[in-house]
Amino acid sequence: MKKLILSFAMAALVAGGAVAQQGPAKQTAAPQAQAKSGPAITFEATEHNFGDIAQGDVVEHTFTFTNTGTQPVVIDRVDVTCGCTSPAWTKEAVMPGKTGIVKAKYNSAGRMGQQKKAITIHSNTGEPTYVYIVANIKEKPASAAKAQ
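Criteria and thresholds
- Residues numbered from 1 in each chain as written.
- Predicted model: local features only at pLDDT ≥ 70, side-chain atom pairs only at ≥ 80, totals over all residues.
- Heavy atoms only, no water.
- Helix = DSSP H or I, 4+ residues; strand = E, 2+ residues; numbered from the N terminus.
- Buried < 20%, exposed > 50% of the residue type's maximum accessible area, 1.4 Å probe, protein only.
- Contact = heavy atoms within 4.5 Å.
- Areas by Shrake-Rupley, 256 points an atom, 1.4 Å probe, with all protein chains shown as cover.
- Polar contact = N/O pair within 3.5 Å; in protein donor to acceptor, adjacent residues only side chain to side chain.
- Phe/Tyr/Trp six-rings, centres within 6.5 Å; stacked < 30°, edge-to-face > 60°.
- Lys NZ or Arg CZ within 6 Å of the ring centre and 35° of its normal.

A. Highlighting the overall build of the chain. A count of helical and extended segments in the chain gives two helices and eight strands. Taken from N to C terminus, the helices and strands of the chain fall in the order α-β-β-β-β-β-β-β-β-α. Taking all 148 residues of the chain together, the buried fraction comes to 28%. Taking contacts inside the chain between residues at least 6 apart in sequence as the whole, the part at least 24 apart equals 66%. Here the chain has roughly 9,500 Å² of accessible surface; of this, 56% comes from carbon and sulfur atoms.

B. Fine view of the environment of threonine 125. Assignment of secondary structure puts threonine 125 in the loop between strand 7 (113–123) and strand 8 (129–138). Taking the C-alpha atoms as reference, threonine 125 lies 5.3 Å from proline 39; in sequence the two are 86 residues apart. Ignoring sequence-local partners within four residues, the contact set of threonine 125 consists of Lys36, Pro39, Ala40, Ile41 and Val73. Within polar-contact distance, the side chain of threonine 125 engages the side chain of serine 123 at 3.0 Å. Within the structure, threonine 125 has its side chain in polar contact with the backbone oxygen of glutamate 127 (distance 3.2 Å).

C. The arrangement of the side chain of threonine 120 in detail. Counting through the fold element by element, threonine 120 comes out in strand 7. If near-sequence neighbours (up to four positions away) are discounted, threonine 120 is found in contact with Arg77, Val78, Asp79, Pro128, Thr129 and Tyr130.

D. Highlighting the packing of aromatic side chains. Counting across every chain of the model gives two aromatic pairs. Between phenylalanine 43 and phenylalanine 63, the ring centres sit 6.4 Å apart and the planes meet at 85°, which makes this aromatic pair edge-to-face. Pair noted here: phenylalanine 43 is in strand 1 (residues 41–43) and phenylalanine 63 is in strand 3 (residues 58–67), with a separation of 20 residues, a long-range link. For phenylalanine 43, a relative accessible area of 11% corresponds to the buried category. The class of phenylalanine 63 is buried, set by a relative accessible area of 1%. With a centroid separation of 5.5 Å and 55° between ring planes, the pair formed by phenylalanine 43 and phenylalanine 65 is classed as tilted. Residue phenylalanine 43 is found in strand 1, and its partner phenylalanine 65 is found in strand 3; the two are separated by 22 residues along the sequence. Linked through ring pairs, Phe43, Phe63 and Phe65 together constitute an aromatic cluster. Against the face of tyrosine 132 rests lysine 116, its NZ or CZ located 4.9 Å from the ring centre.

Just distances and angles here, no functional claims.
Take a look at the structure:
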């Protein structure tokens, strides 16, 4: 009986090892994925953290994207969640393999504490794409407020 159980255990280990060896071979082929059919936006980073900023500071970040599809990307519009953020973006078509930008300017006047603002990019890719700016707004030092 012990030999039978031991035989089954060894068979299971050998079979498990064979499956594990097949896994990585399949994974190595995946990085050679082809470009998505149609237009596709891939951002270098989808979030930018400004860290601590003083209340009233105006900060700006440029998000860079690549068209990883097979057709030109055209951004129709960019929506923001409040008037404190103003966007700018590449207006002309971005050809496959080329890059474009979405710029976000954030005015922290009248805001305090941790802030996370969504920027929604509407394009011909079919689905909106989101990027985010984050900041921790602290009270402006009294000496800086008097200097203005």
